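Understanding the architecture of this molecule
Residues per chain are reported as follows:
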2 protein chains.
Amino acid sequence: MSTSPNTFTGEYSYTVDPKGRVNIPAKFRQALTPENNNTFAITKGMDRCIWVYPFVEWNKVLEKLRNEPSSQVNRAFTREYSRFASIASYDKQGRILLTSELITFAGLDRQVTIIGMINKIEIWNPNILKNFDQQIESEHTDAFDELAEKIIL
Amino acid sequence: MSTSPNTFTGEYSYTVDPKGRVNIPAKFRQALTPENNNTFAITKGMDRCIWVYPFVEWNKVLEKLRNEPSSQVNRAFTREYSRFASIASYDKQGRILLTSELITFAGLDRQVTIIGMINKIEIWNPNILKNFDQQIESEHTDAFDELAEKIIL
DNA sequence: GATTATTACCCACTATTACCCACAATTCTA
DNA sequence: TAGAATTGTGGGTAATAGTGGGTAATAATC
């Protein structure tokens, strides 16, 4: 365990029970709630998945939103961003409760794939994820190669 | 439940009863009245909705209004913003009483959508909200994309 | 001052949520 | 490898939240 702080990597398979509860991988828990205050943020992702942020990361986003002037467009954006977000905490078994809106949005079925995305966690329907990946990868092979050259040591 | 102070997120569905009462989501109550004095500010929003502020945030607005030079336009703005503002408190069940002016202004029907907007709360007619959002988002797709890039982590 | 209208307070019912316990499966440890 | 601890999953129950309506207190009207 214990890589650099708040760093999520790896892929895990879990189930959403009838009450909408999903387990957070035990290996993610310490990084998700480092101060042991037991709270973090859940929201819609930009792709068709759910994002889970440690509180520190979430507050960075909020800070940026607050600093935008209150124009009509900015209000609309904040609204869109905020309405599916919630502050959550896990129960004694380490699970979180997903709202039905989020479940619908991410197209979640019983089985879900949870992925560590460095500074946040993603929750996917495995099938949607598979299709999504195949599509992006085939459409953007060049971009993939370029990024690899740039980044990989 | 100790998030960052006065932070509202998420979307909730409630009903306005014949007496004009609406529930404030339980999750908002502590952030709305952190000092447990049970009072807060309620006013017309800039969009077609009702805004509910914790006192701390409301006072920031007042402060800014005060610091504007007293031009005719500014006075008119202050007047418009101030005339429908009132100090409210919730009853033992956690509801607030809306004036008929506010209900008319926001076009409220039985069903309302309550949205956490980071530092304040918005009360909408769900249909008006839907149309409003669609319109803004389609007219300002670029601005939305820019903001997303700038803000989302 | 009596009557009516309006507001605020109180109580009650139902649905939802949070909390608790249980147990199987897996991993860790000695 | 056997026992112990941790992890993943399920379900029951107590507590809370959301909604409605009645009644007393207050204000308004005549």
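We now turn to the structure provided with this report. (Residues numbered from 1 in each chain as written. Chains lettered and ligands numbered in written order. Predicted model: local features only at pLDDT ≥ 70, side-chain atom pairs only at ≥ 80, totals over all residues. Heavy atoms only, no water.)

1. Some details on the protein's contact with DNA strand C
The environment of DNA strand C is formed by 13 residues, the closest being Gln93 and Leu97 of chain A together with Lys92, Gln93 and Leu97 of chain B. Those atoms of DNA strand C that come within 4 Å of the protein belong to sugar or phosphate at a rate of 33%. In the environment of DNA strand C, a base nitrogen lies 2.8 Å from a nitrogen or oxygen atom belonging to the side chain of Gln93 of chain B. Among the secondary structure elements, those contributing two or more residues to the surface near DNA strand C are strand E6 (95-97) of chain A together with strand E6 (95-97) of chain B. The residue makeup of the surface near DNA strand C, split by class, is two nonpolar, two polar and nine charged. (Near = heavy atom within 4 Å. Polar contact = N/O pair within 3.5 Å; in protein donor to acceptor, adjacent residues only side chain to side chain. Helix = DSSP H or I, 4+ residues; strand = E, 2+ residues; numbered from the N terminus. Nonpolar A, V, L, I, M, F, W, Y, C, P; charged D, E, K, R; others polar.)

2. Side note on the protein's contact with DNA strand D
Taken together, 23 residues lie near DNA strand D, and Tyr14 and Lys19 of chain A together with Tyr14, Lys19 and Arg110 of chain B sit nearest. Near-protein atoms of DNA strand D (within 4 Å) split between backbone and bases, with sugar and phosphate holding 51%. For DNA strand D, a base oxygen lies 2.3 Å from a polar atom in the side chain of Lys19 of chain B. Elements with a contribution of two residues or more to the surface near DNA strand D: strand E1 (11-15), strand E2 (21-23) and helix H1 (26-32) of chain A together with strand E1 (11-15), strand E2 (21-23) and helix H1 (26-32) of chain B.

3. Structural notes on the pattern of salt bridges
Applying the stated criterion across every chain yields a total of 17 salt bridges over all chains. Close ionic contact of Glu68 of chain A with Lys150 of chain B constitutes a salt bridge, the shortest N to O distance being 3.0 Å. Of this pair, Glu68 of chain A sits in the loop between helix H2 (55-67) and helix H3 (72-83) while Lys150 of chain B sits in helix H6 (residues 141-151), each in a different chain. Beyond isolated ion pairs, a larger network of salt bridges with shared partners links Arg75, Arg79, Glu80 and Arg83 of chain A together with Glu11, Asp47, Glu122 and Asp133 of chain B. (Salt bridge = Lys/Arg side-chain N within 4 Å of Asp/Glu carboxyl O.)

4. Details of a negative patch on the surface
Residues and elements named next belong to chain A. The grouping of Asp142, Asp145, Glu146 and Glu149 at the surface amounts to a negative patch. Mapped onto the fold, Asp142 is located in helix H6 (residues 141-151). The class for Asp142 is exposed, based on a relative accessible area of 56%. (Patch = residues over 30% accessible without salt bridge, like charges linked within 9 Å, V, L, I, M, F, W, Y side chains within 5 Å. Areas by Shrake-Rupley, 256 points an atom, 1.4 Å probe, with all protein chains shown as cover. Lys, Arg positive; Asp, Glu negative; His and termini not counted. Charge placed at Lys NZ, Arg CZ, Asp CG, Glu CD. Buried < 20%, exposed > 50% of the residue type's maximum accessible area, 1.4 Å probe, protein only.)

5. Some words on unusual backbone geometry
Residues and elements named next belong to chain A. Positive phi outside glycine occurs at Ile118, with the angle close to 65°. The topology assignment puts Ile118 in the loop between strand E7 (111-117) and strand E8 (120-124). Looking at Ile118, the relative accessible area reads 53%, which means it is exposed.

6. Points about the interface of chain A and chain B
If you look at the interface, chain A gives 32 residues, while chain B gives 32 residues. When the area that chain A buries against chain B is broken down by residue, the three leading residues are Phe77, Arg79 and Arg83 of chain A, summing to 24%. There are seven salt bridges connecting chain A and chain B. Counting across the chain A and chain B interface gives 13 residue pairs in polar contact (both at pLDDT 80 or more). Of all elements in the fold, only strand E4 (50-54), H2, H3 and strand E5 (86-89) of chain A reach the threshold of two or more residues within the side of chain A that touches chain B. (Contact = heavy atoms within 4.5 Å. Buried area = accessible area lost by both parts, 1.4 Å probe.)

7. Topic: the pairing of strand E3 (residues 39-44) of chain B
Residue and element names in this part refer to chain B. Counted residue by residue, E3 has five buried out of six residues, so it is predominantly covered. As paired strands, E3 and strand E5 (residues 86-89) are joined by four bridges and run antiparallel to one another. Looking across to E5, one finds that Ala41 is bridged to Ile87. Two strands pair when backbone bridges link them, and E3 and strand E4 (residues 50-53) are joined in this way by four bridges, in the antiparallel orientation. (Pairing = 2+ DSSP bridges.)

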